[in-house]
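A closer look at the structure
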Amino acid sequence: MAGRVEGKVAFITGAARGQGRSHAVRLAQEGADIIAVDICKPIEGVLIPPSTPQDLAETADLVKSHNRRVVTAEVDVRDYEALKAAVDDGVEQLGRLDIIVANAGIGNGGDTLANTKERDWQDMIDVNLSGVWKTVKAGVPHLVAGGRGGSIILTSSVGGLKAYPHTGHYVAAKHGVVGLMRTFAVELGQHMIRVNSVHPTHVNTPMVMNEGTYRMFRPDLENPGPDDIAPICQMFHTLPIPWVEPEDISNAVLFLASEESRYITGVTLPIDAGSCLK
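Treat the numbers as computed from the prediction; the structure is a model and nothing was measured. (Residues numbered from 1 in each chain as written. Predicted model: local features only at pLDDT ≥ 70, side-chain atom pairs only at ≥ 80, totals over all residues. Heavy atoms only, no water.)

A few points about the overall build of the protein
Scanning the protein from N- to C-terminus turns up eight helices and seven strands. By the compact-globule yardstick of 19 Å for 278 residues, the protein fits well, its C-alpha radius of gyration being 18 Å. In terms of overall dimensions, the protein has a C-alpha envelope of 55 × 35 × 35 Å along the principal axes. Residue burial in the protein is summarised as follows: out of 278 residues, 52% are buried. In the protein, the proportion of contacts linking residues at least 24 apart, taken out of those at least 6 apart, comes to 72%. As presented, the protein carries roughly 12,300 Å² of accessible surface, and 54% of it is formed by carbon and sulfur atoms. (Helix = DSSP H or I, 4+ residues; strand = E, 2+ residues; numbered from the N terminus. Rg over C-alpha atoms; globule rule 2.2 N^0.38 Å. Buried < 20%, exposed > 50% of the residue type's maximum accessible area, 1.4 Å probe, protein only. Contact = heavy atoms within 4.5 Å. Areas by Shrake-Rupley, 256 points an atom, 1.4 Å probe, with all protein chains shown as cover.)

Okay, structure coming up:
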C-alpha cells in the first residue's frame, strides 16, 4: 500500500540519525514532506558520540531521494523558541503540518537512582521529557489551525512501561512521556488530533550500540562489543532476538501517522519483542 501519508507534512526531532532518520525516510517513502531537526552537537555529560550537521544533511538527502521536500534545522529541543521558529519556518515553506514525531532523546549516567548526579537527572528530564512537551507545544497550533486533524507520536521506551535498575532518571522521563501522551490525547481529541506513544526495546542505533553500553552490560570484558552484549540483550525478550532495527519502530510510527489508525488515540504501543511479558 503506497502513499499512506501522501501529501502530508511531518515534523520530526532527533532526525539526524538512528530512529529519527529512519522515521523521516519511512514517512517520505509513503509520500510525506519532512521538517527534520536535530541538535547536531554534544551535550555535556552524554558520552554517546553526538550527531553532526553532516548526519542531518544525509537525512535530508535520503528524504530527497524519494522525491519529497525537506526543511532542516539544528535545534536543541530544550529551546522552545528555536523549536517554534523551526516548525514555523518549515510550515511556511511546506504549506501545512499533519504529523509530529517527538523522537529526540539522550542516554546518560548509569548509577542507581539514589546516586544519580543532579546534572544527569536534570539533563535527562530537560531533553527526554520537557523536550517532548516543547516539541508538541511548538507544533500543535499548526495542526489545530489546519483543521484537518492530525497525528502526534511520542517516543517513549519499554522503560516507560516498567522499571530497570541504573537508569531510573531515564525510566522516570519515559514514564512521564506516557503522561504527556494521555493528557495531550484528551485535550486535543476535540480537534481530531490523535496522540499515541511508541515503546521500543533495544534498537540497533548509536543510543545502544556504543562503548558505554557495551561496558555497562559486560564490565567483565576489557573491550566488549555488540556480539558480547547480544546474549544479555536477548534475555530481555520473549522472541529470540537481542534487539530490533530502527525500521521496526518506523513501521509503527507510519501506522500511527496514517489513516489506518484514524480512531486510535491514547495508546502505548510496544515494539519490544515481548519484553513487556517479562
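Considering the packing of helix α1 (residues 18-29) against helix α8 (residues 246-257)
Put simply, α1 and α8 touch, their axes get as near as 8 Å, and they point 50° apart. Regarding the angle of α1 to α8, the classification is oblique. Remark: the crossing between α1 and α8 carries right-handed chirality. Along the contact surface, α1 presents Gly-18, Gln-19, Ser-22, His-23, Arg-26 and Leu-27, while α8 presents Pro-246, Glu-247, Ile-249, Ser-250, Asn-251, Val-253, Leu-254 and Ala-257. Among the residues making up the contact of α1 with α8, the classes are represented as six nonpolar, six polar and two charged. (Axes fitted to C-alpha atoms, helices over the stretch in contact; angles between N-to-C directions. Parallel < 35°, antiparallel > 145°, perpendicular 65-115°, else oblique. Left-handed = near helix turned anticlockwise from the far one by under 90°. Nonpolar A, V, L, I, M, F, W, Y, C, P; charged D, E, K, R; others polar.)

Remarks on the layout of surface pockets
Put simply, the second largest pocket is a space of about 180 Å³. Together, 14 residues line the second largest pocket, and Arg-148, Gly-149, Gly-150, Met-192 and Glu-259 are the ones closest to its centre. Tallied by class, the residues present in the lining of the second largest pocket amount to four nonpolar, three polar and seven charged. (1 Å grid on protein atoms, 1.4 Å probe; cavity = no way out; pocket = protein on both sides within 12 Å on 5 of 7 lines; lining within 4 Å. Points joined across faces, edges and corners; volume = space filled by probe spheres on them.)

Some points on the nonpolar core
Among the nonpolar cores identified, the biggest contains 41 residues, and Phe-11, Ile-35, Leu-97, Ile-152, Leu-154 and Val-195 are the most heavily contacted of them. Other than its neighbours up to four places away in sequence, Leu-154 contacts Ala-102, Val-132, Val-136, Val-177, Leu-180, Met-181, Asn-196, Ser-197 and Val-198. One finds Ala-36, Val-63, Val-70 and Ile-271 within the second-largest nonpolar core, a separate group that totals 29 residues. (Core = buried A, V, L, I, M, F, W, Y, C linked by side-chain atoms within 4.5 Å.)

Side note on the pattern of salt bridges
Side chains bearing opposite charge may pair, as long as their charged atoms lie close to each other. A complete count under the given rule lists 17 salt bridges for this structure. A salt bridge links Glu-44 to Arg-119; its shortest N-O distance comes to 3.5 Å. One end of the pair, Glu-44, is in the loop between β2 (33-38) and α2 (53-64); the other, Arg-119, is in helix α4 (residues 118-146), with 75 residues separating them in the sequence. For Arg-119, a relative accessible area of 46% corresponds to the partly exposed category. (Salt bridge = Lys/Arg side-chain N within 4 Å of Asp/Glu carboxyl O.)

A short note on the sheet that holds β2
As summarised here, the arrangement of the seven strands in space is β3-β2-β1-β4-β5-β6-β7, forming an open sheet in which the pairing is parallel. One side of each edge strand has no neighbouring strand; the edge strands of this open sheet are β3 (70-74) and β7 (268-271). Across the sheet, the mean angle from the axis of one strand to that of its neighbour is 15°, orientation sign disregarded. Where strand β1 (residues 9-13) and β2 come together, five bridges link them in parallel fashion. Looking across to β2, one finds that Ile-12 is bridged to Ala-36. (Pairing = 2+ DSSP bridges.)

A word on unusual backbone geometry
Look at His-166: it is not a glycine, yet its phi comes out positive at around 70°. Along the chain, His-166 falls in the loop between β5 (150-155) and α5 (168-188).

Here we look at the domain arrangement of the protein
We note that the domain assignment places domain 1 (9-205 + 247-270) and domain 2 (209-242) within the protein. Taking only C-alpha atoms, the centre of domain 1 and the centre of domain 2 are 26 Å apart. With six residues of domain 1 at the contact, the number on the domain 2 side is seven residues. Across the domain 1 to domain 2 interface the summed buried area is about 640 Å²; carbon plus sulfur atoms make up 66%. The largest per-residue losses of area from domain 1 upon contact with domain 2 belong to Tyr-164, His-202 and Thr-205, which jointly make up 54% of the total buried on that side. At the junction of domain 1 with domain 2, the criterion picks out zero salt bridges. At the junction of domain 1 with domain 2, the criterion picks out two residue pairs in polar contact (both at pLDDT 80 or more). (Domains from an automatic or database assignment. Buried area = accessible area lost by both parts, 1.4 Å probe. Polar contact = N/O pair within 3.5 Å; in protein donor to acceptor, adjacent residues only side chain to side chain.)

Considerations on the environment of Arg-26
Inspection of the secondary structure assignment puts Arg-26 in helix α1. Along the backbone, Arg-26 and Thr-238 are 212 residues apart, and their C-alpha atoms lie at a distance of 27 Å. Separated by 3.1 Å, the side chains of Arg-26 and Gln-29 make a polar contact.

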